[in-house]
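Reading the structure
So the chains spell out like this:
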Amino acid sequence: MSTSANPFGQVLVALVTPFTADGEVDWNDVEKHIDRCIQDGADGIVVTGTTGETSTLTDPEKIKLVEVAKSVSAGRAKIITGGGSNETAHAIELYRASEKAGADGIMIVTPYYNKPTQAGILTHFRMVADSTDLPVILYDIPGRTGVPIAYETILRIAKHPNVRAIKDAKGDFSQVSRVLNQTDLLYFSGDDANVLPHLSIGATGLIGVTANVASAPYRTIIDAVNASDLATATAAHQALEPLVRAIMTHVPGTVAAKYVLHGLGRISSPRVRLPLVGPEEWEAAQIEDELALVGAIDGVDFTNFRPDRNAAAGGALPKVAGTTR
């Protein structure tokens, strides 16, 4: 698929934001983690999204994450900024700053907490898309925002020239097919367990949490689907299944991904920012049981997993005061 047809990539990592043990952004780990994901096959990095703990990042941290990701990628992967804001004016401010910082695209989440009507959602999307020259991904995740993007709203906003794609975390496969039939939008799976099913009905790629831990198997799936090799894609999908369960079913994906990355020695601390906290003992045990079923997969050997439940316990507050969030 050409860059002009798809300006985002196909294997997009919904990047975690590594923190130090006291809750500050660990910029060295950020750089190493982005580089590892790209080396393992990611061609898109989404910073400051839900998985990146956007709600507890400061605005300066969000912009710096774009700058650092852009520098590390060095043209090897597209850098997409997520998060935004449930306040339209603030979202526009953040996306404009991200564009200046070098972002290749933006992902606009449905305004959360406000529970706007579909007219309000449409207006929000239009105003943000009007404010930038970057290609836009809409993010439909009603489980977190409280409201879905209705099919009719998708059809209307899809006419905006900057709106190029949608990330689907709703799981409505019939709507996916309808949107693909009625628009030119690119579809990205936002549900790690359903990547291959989404691809099988026409999705372009994925924006995944589990890809933080194992980007390579998703690269295998994408390449196999592009080559019409269903057997290879299915084998990779099945191998990923227990890992997806480990990351996505017991605690928030951010928490589990950091716990696993730390246990693999790939980030220095599994710390998350409050109100998120690390897994409790029984939750950590469930994650570890799932990982034992994975064994090794595409260069990631979970038999070498060394968990540190004490390091993961609790959450942290950043030491930054008086800055805009």
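Bear in mind the structure is a predicted one, so any value in this text is a computation, not a measurement. (Residues numbered from 1 in each chain as written. Predicted model: local features only at pLDDT ≥ 70, side-chain atom pairs only at ≥ 80, totals over all residues. Heavy atoms only, no water.)

**Concerning the packing of aromatic side chains**
Spelled out, the test is: Pairing of aromatic rings covers Phe, Tyr and Trp, the last through its six-membered ring, and needs centres within 6.5 Å; plane angles under 30 degrees mean stacked, over 60 mean edge-to-face, and all others mean tilted. Strands are runs of DSSP state E lasting at least 2 residues, helices are runs of H or I lasting at least 4, and numbering of each runs from the N terminus. Accessibility here uses a 1.4 Å probe with only protein chains present; expressed as a share of the type maximum, an area under 20% marks a residue as buried, one over 50% as exposed, and anything in between as partly exposed. Remark: a charge is flagged as sitting over a ring if the NZ atom of Lys or the CZ atom of Arg is within 6 Å of the ring centre and within 35 degrees of the ring normal.
For the structure shown, the criterion picks out two aromatic pairs. Plain terms: the ring middles of phenylalanine 8 and phenylalanine 188 are 6.1 Å apart, the flat faces sit at 85° to each other, and that makes the pair edge-to-face. Of this pair, phenylalanine 8 sits in the segment before strand E1 (11–14) while phenylalanine 188 sits in strand E7 (residues 186–189), and the two are 180 residues apart along the sequence. In this structure phenylalanine 188 comes out as buried when scored by relative accessible area, which is 0%. Considering the side-chain rings of tyrosine 259 and phenylalanine 305, the 5.9 Å spacing of their centres and the 65° angle between planes classify their relative orientation as edge-to-face. Of the two residues, tyrosine 259 is situated in helix H11 (residues 253–263) and phenylalanine 305 in the loop between strand E10 (300–301) and helix H13 (309–312); the sequence distance between them amounts to 46 residues. Of note, arginine 178 hangs over the ring of tyrosine 151, and the distance from its end group to the ring centre comes to 3.6 Å. Over the aromatic face of phenylalanine 19 sits the side chain of arginine 273, whose NZ or CZ is 4.5 Å from the ring centroid.

**Quick word on the packing of helix H9 (residues 215–226) against helix H10 (residues 230–248)**
Cut-off, in case you're wondering: Helix axes are fitted to C-alpha atoms over the stretch in contact, other axes to C-alpha atoms as well, and angles between N-to-C directions run from 0 to 180 degrees. For classification, angles of less than 35 degrees are called roughly parallel, those exceeding 145 degrees roughly antiparallel, those between 65 and 115 degrees roughly perpendicular, and all remaining angles oblique. We call a crossing left-handed when the near helix sits turned anticlockwise from the far one by less than a right angle, and right-handed when that turn is clockwise. Contacts were defined at the residue level, with two residues in contact if any of their heavy atoms lie within 4.5 Å. Under the grouping applied here, Gly and all other residues not named as nonpolar or charged are polar, the nonpolar ones being Ala, Val, Leu, Ile, Met, Phe, Trp, Tyr, Cys and Pro and the charged ones Asp, Glu, Lys and Arg.
At a minimum axis separation of 9 Å, H9 and H10 run at an interaxial angle of 155°. In terms of orientation, H9 and H10 fall into the roughly antiparallel class. Along this stretch, H9 crosses H10, giving a crossing that reads as left-handed. Between H9, through Pro217, Tyr218, Thr220, Ile221, Ala224 and Val225, and H10, the contact on the second element is made entirely by Thr232, Ala233, Ala236, His237, Leu240 and Val244. A breakdown of the residues in the contact of H9 with H10 according to their chemical character gives nine nonpolar, three polar and no charged.

**Comments concerning the environment of phenylalanine 305**
Classification of phenylalanine 305 as buried rests on a relative accessible area of 8%. Sequence-wise, phenylalanine 305 and valine 260 are 45 residues apart; in three dimensions their C-alpha atoms are separated by 7.6 Å. Non-local contacts of phenylalanine 305, meaning those with residues more than four positions away in its chain, are made with Tyr259, Val260, Gly263, Leu264, Glu288 and Leu291.

**Comments concerning empty space enclosed by the protein**
Which entries qualify depends on this criterion: Definitions used for this entry: grid spacing 1 Å over protein atoms alone; cavity, a set of points where a 1.4 Å probe fits but cannot get out; pocket, an open set with protein on both sides within 12 Å along at least 5 of 7 lines; lining residue, one with an atom within 4 Å of a point. Grid points are joined across faces, edges and corners, and a volume is the space filled by probe spheres set on the points.
One pass over the full model with this rule turns up one cavity of 30 Å³ or more. What the largest cavity holds in volume is close to 40 Å³. It is helix H3 (residues 88–100) that contributes the most residues to the lining of the largest cavity, three residues altogether.

**Digging into the side chain of aspartate 168**
Worth spelling out the cut-off: As used throughout, the charge tally considers Lys and Arg to be positive and Asp and Glu to be negative, leaving His and the chain termini uncounted. The working definition used for a salt bridge is a side-chain nitrogen of Lys or Arg within 4 Å of a carboxyl oxygen of Asp or Glu. Pairs of N or O atoms within 3.5 Å make up the polar contacts considered here, provided that, within protein, one atom can donate a hydrogen while the other can accept it, and that residues adjacent in sequence are counted only when both atoms are side-chain atoms.
Considering the arrangement of structural elements, one finds aspartate 168 in strand E6 (residues 163–168). Lysine 170 provides the closest opposite charge to the buried, unpaired aspartate 168, separated from it by 5.4 Å. Within the structure, the side chain of aspartate 168 is placed 3.5 Å from the side chain of histidine 198, a separation counted as a polar contact. Not counting residues within four places of it along the chain, the set of residues in contact with aspartate 168 comprises Asp140, Val176, Tyr187, Phe188, Ser189, Gly190, Asp191 and His198.

**Notes on unusual backbone geometry**
Keep in mind that most residues, glycine aside, have a negative phi and that most peptide bonds are trans. Cis rather than trans, the peptide bond between leucine 274 and proline 275 has omega equal to 15°. Considering the arrangement of structural elements, one finds proline 275 in the loop between H11 and helix H12 (281–294). Phi at lysine 115 takes a positive value of approximately 55°, unusual for a residue other than glycine. Counting through the fold element by element, lysine 115 comes out in the loop between strand E4 (105–109) and helix H4 (118–130). Although it is not a glycine, serine 228 adopts a positive phi angle of roughly 60°. If you trace the backbone, serine 228 turns up in the loop between H9 and H10. For serine 228, a relative accessible area of 69% puts it in the exposed group.

**Focus: the UniProt feature "site: Part of a proton relay during catalysis" (unreviewed entry) in the chain**
Put simply, the test is: UniProt positions are given in the numbering used here, feature names are shortened, and annotations may be inferred rather than shown by experiment.
Feature annotation in UniProt places "site: Part of a proton relay during catalysis" (unreviewed entry) on Thr50 and Tyr113, given in this structure's numbering. Spatial clustering of the annotated residues is evident: they stretch over 64 residues in sequence, but the largest pairwise C-alpha distance comes to 14.2 Å. Here, the largest pocket is lined by Thr50 out of the annotated residues. Looking at the element boundaries, threonine 50 is found in the loop between strand E2 (44–47) and helix H2 (59–73). Classification of threonine 50 as partly exposed rests on a relative accessible area of 29%. Sequence-distant contacts of threonine 50, that is, excluding residues within four places in its chain, are made with Tyr139, Arg144 and Thr254. By secondary structure assignment, the location of tyrosine 113 is in the loop between E4 and H4. Apart from residues no more than four positions distant in its own chain, tyrosine 113 is found in contact with Asn86 and Thr145.

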